[in-house]
Amino acid sequence: AQRAVPANDPHRPIKAFLNEHAALFGHDARALDQARITRSFITHHNGLATVAWQQEVDRIPVFGAILVGHITKDGELVSLSSGLVPDPRAAVHRGSRRVAVNRAVADQSAEHAIVQAAANLGETLPPDQIAPRTDPVTAGAEFLFYVAPGLLGDIAVRRMWLPMDRATLRLCWEVILKSARLNRMFRVMIDADT
């Protein structure tokens, strides 16, 4: 059964549309209960409200699982785009063996993920040369930051659920790094289970 959307909910047009067209999206407005608002603003010249939700499981974001809606100043829905996974908790159980069994975070470390990501780019990186960066700029950030020889600038690392399909999520490390040899930046996903 669908939940009624309160009349005073500022996102009512989005939620009502999701409820009405749940078959189209594969989820109704309850999917927003497992998401957090990452952007919300009003365009001053026309009053268009934009809101974006990022889906999460256990406070870990789901890669590409973003819902964005636009509402006019008169409360009319203009557009809606959803990349949300219909049932993310069930998708975690189907996709991540260790996490599904005991809900513990997988054993692979951020440093190990950096070594694997660098290897995927043809870089050899000894684990003992990876150093965490801790300063006021990076403290409390969603990403962990590291530095390592052979890689330019900061290496940003965070846990991320990677959708394998609409019903399966795998726990990964998202590693963003820049190769000095290739002079390019890469985003590499490293499976945390394996």
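Coordinates for the structure precede this section.
I will try to describe carefully the structure that is included in this document. (Residues numbered from 1 in each chain as written. Predicted model: local features only at pLDDT ≥ 70, side-chain atom pairs only at ≥ 80, totals over all residues. Heavy atoms only, no water.)

Below, the discussion takes up the pattern of salt bridges. The full count for this structure, using the stated rule, is twelve salt bridges. Between Asp-28 and Arg-30 there is a salt bridge, with its nearest N and O atoms 2.6 Å apart. You can call Asp-28 buried: its relative accessible area is 10%. The partly exposed category is assigned to Arg-30, whose relative accessible area is 40%. Connected through shared salt-bridge partners, Arg-36, Glu-56, Glu-142, Arg-158, Glu-174 and Arg-187 make up one network. (Salt bridge = Lys/Arg side-chain N within 4 Å of Asp/Glu carboxyl O. Buried < 20%, exposed > 50% of the residue type's maximum accessible area, 1.4 Å probe, protein only.)

So, about the side chain of Thr-50. Take Thr-50: it is sitting in strand β2 (residues 49-57). Judged by relative accessible area, which is 6%, Thr-50 ranks as buried. Within the local environment of Thr-50, its side chain forms a polar contact with the side chain of His-70, the two groups lying 2.9 Å apart. (Helix = DSSP H or I, 4+ residues; strand = E, 2+ residues; numbered from the N terminus. Polar contact = N/O pair within 3.5 Å; in protein donor to acceptor, adjacent residues only side chain to side chain.)

A few words on the layout of surface pockets. One number sums up the size of the largest pocket: a volume of about 150 Å³. When residues of the lining of the largest pocket are traced back to their parent elements, those giving at least two are β3 (60-71) and β7 (151-165). Tallied by class, the residues present in the lining of the largest pocket amount to two nonpolar, no polar and six charged. (1 Å grid on protein atoms, 1.4 Å probe; cavity = no way out; pocket = protein on both sides within 12 Å on 5 of 7 lines; lining within 4 Å. Points joined across faces, edges and corners; volume = space filled by probe spheres on them. Nonpolar A, V, L, I, M, F, W, Y, C, P; charged D, E, K, R; others polar.)

Here we come to the environment of Asp-193. Tracing the chain through its elements places Asp-193 in the segment after β9 (184-191). When the C-alpha positions of Asp-193 and Arg-170 are compared, they lie 8.0 Å apart, and in sequence the two are 23 residues distant.

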